[in-house]
Amino acid sequence: DIKKSELKAEINFLNEVISNLLLSDKLDIPYSKLDLKRVDFILFIKNILAGINEDRLCLKNSSKLSLFIDIDETKLTIAIRNIIYNALKYGDPEKEIVVSVYSENNYLYISVRDFGPGINKQDVEKIFTPFFRSEKTNHFSGVGLGLSIAKKIMKAHKGNIQFNPKTEDGSEFILSLPIK
């Protein structure tokens, strides 16, 4: 006898999979339809973090930065949430997730750092491939689309996302956006 809560969780999971598949398919088309709006980026990030409502999230470097940038809020929210949710899922549950925002050389950077087991060296080159799942992560739910979708969204914004291989413990992903 399946409990209602288990059924709801499964329905939510399947909805997420379908949404990710549809979005992934749409994002394969070269993006010409970004719904760009000028936003206060720090307020945008703070709203994303407030929406996730997780005590382990810590925002750094934001108080010094006042920056308005043209972005597609919905799509960029999906990209940033995907990275943060991965950090929450795979990071050490006893340690914080550090989100940093800074600018350098006409680029805005968003770093998401966790203190979990990290990513195997042999997996690093495959992590942005759709449906790739490391053996290390097989016991977690997911289908392996979050990073590939985030990468497509960042590319559509003429930005990028990279894994920082120099991280000693845990994982750090750095999203970059050009500042016009």
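So, how was this worked out
- Per-chain numbering applies: the sequence of each chain, read as written, is numbered from 1 onward.
- Residue-level local features of this predicted model are given only where pLDDT is at least 70; pairs of side-chain atoms are given and counted only at 80 or more, and the full residue set underlies all totals for whole chains, interfaces and linings.
- Calculation of side-chain values draws on the structure's entire complement of heavy atoms; hydrogens and water are dropped beforehand.
- Among buried residues, those of type Ala, Val, Leu, Ile, Met, Phe, Trp, Tyr and Cys that are joined through side-chain atoms within 4.5 Å constitute a nonpolar core.
- A simple rule labels every residue: compare its accessible area, found with a 1.4 Å probe on the protein chains alone, to the largest value its type can have, and call it buried under 20%, exposed over 50%, or partly exposed in between.
- Only DSSP runs of H or I covering at least 4 residues are called helices, and only runs of E covering at least 2 are called strands; the numbering of each starts at the N terminus.
- Whether two residues are in contact is decided by their heavy atoms, any of which lying within 4.5 Å being enough.
- Whether two strands pair depends on DSSP finding at least two bridges between them.
- The axes are straight lines fitted to the C-alpha atoms, using for helices just the contacting stretch, and the angles between their N-to-C directions are given from 0 to 180°.
- Only Phe, Tyr and Trp rings take part, Trp by its six-membered ring, and two of them pair if their centres are within 6.5 Å. Stacked means planes under 30 degrees apart, edge-to-face means over 60, and tilted covers everything else.
- For the purposes of these results, a polar contact is taken to be a pair of N or O atoms within 3.5 Å, where, inside protein, one atom must be able to donate a hydrogen and its partner to accept one; residues adjacent in sequence count only when each atom of the pair is a side-chain atom.

1. Re the nonpolar core
Here is step 1 of the chain: Residues F41, F44, L76, I80, I84 and L177 are the most contacted members of the largest nonpolar core, which totals 39 residues.
Here is step 2 of the chain: Elements with a minimum of two residues in this core: α2 (41–52), β3 (68–71), α3 (73–90), β4 (97–104), β5 (107–113), α4 (146–156), β6 (160–163) and β7 (172–178).
Here is step 3 of the chain: Excluding anything up to four places from it in sequence, F41 contacts L67, I69, I71, L76, I80, V101, L108, I110 and L177.

2. Looking at the side chain of S176
Here is step 1 of the chain: As for its position among the elements, S176 is in strand β7.
Here is step 2 of the chain: Classification of S176 as buried rests on a relative accessible area of 10%.
Here is step 3 of the chain: When residues no more than four places from it in sequence are discounted, the contact partners of S176 are Y107, L108, Y109, M154, G159 and N160.

3. Here we look at the sheet that holds β6
Here is step 1 of the chain: Strand order in the open sheet made by the five strands is β2-β4-β5-β7-β6, with mixed pairing throughout. The open sheet is flanked by β2 (57–60) and β6, the only strands paired with a single partner. Between one strand axis and the next, the sheet turns through 20° on average, direction left out of account.
Here is step 2 of the chain: The pairing of β5 with β7 spans seven bridges and is classified as antiparallel. Within the sheet, the bridge partner assigned to L108 lies in β7 and is L177.
Here is step 3 of the chain: Sitting on the sheet, α2 touches β2, β4, β5 and β7, and the angle it makes with β2 is about 170°.

4. As for the packing of aromatic side chains
Here is step 1 of the chain: Inspection of the entire model under this criterion finds four aromatic pairs.
Here is step 2 of the chain: Between Y107 and Y109 the ring centres are 6.3 Å apart and the planes differ by 35°, which places this aromatic pair in the tilted class.
Here is step 3 of the chain: Owing to a relative accessible area of 32%, Y107 belongs among the partly exposed residues under this scheme.
Here is step 4 of the chain: Joined through ring pairs, the aromatic side chains of Y102, Y107 and Y109 make up one cluster.

5. Re the side chain of R56
Here is step 1 of the chain: With respect to the helices and strands, R56 occurs in the loop between α2 and β2.
Here is step 2 of the chain: For R56, the side chain forms a polar contact with the main-chain oxygen of K95, separated by 3.2 Å.

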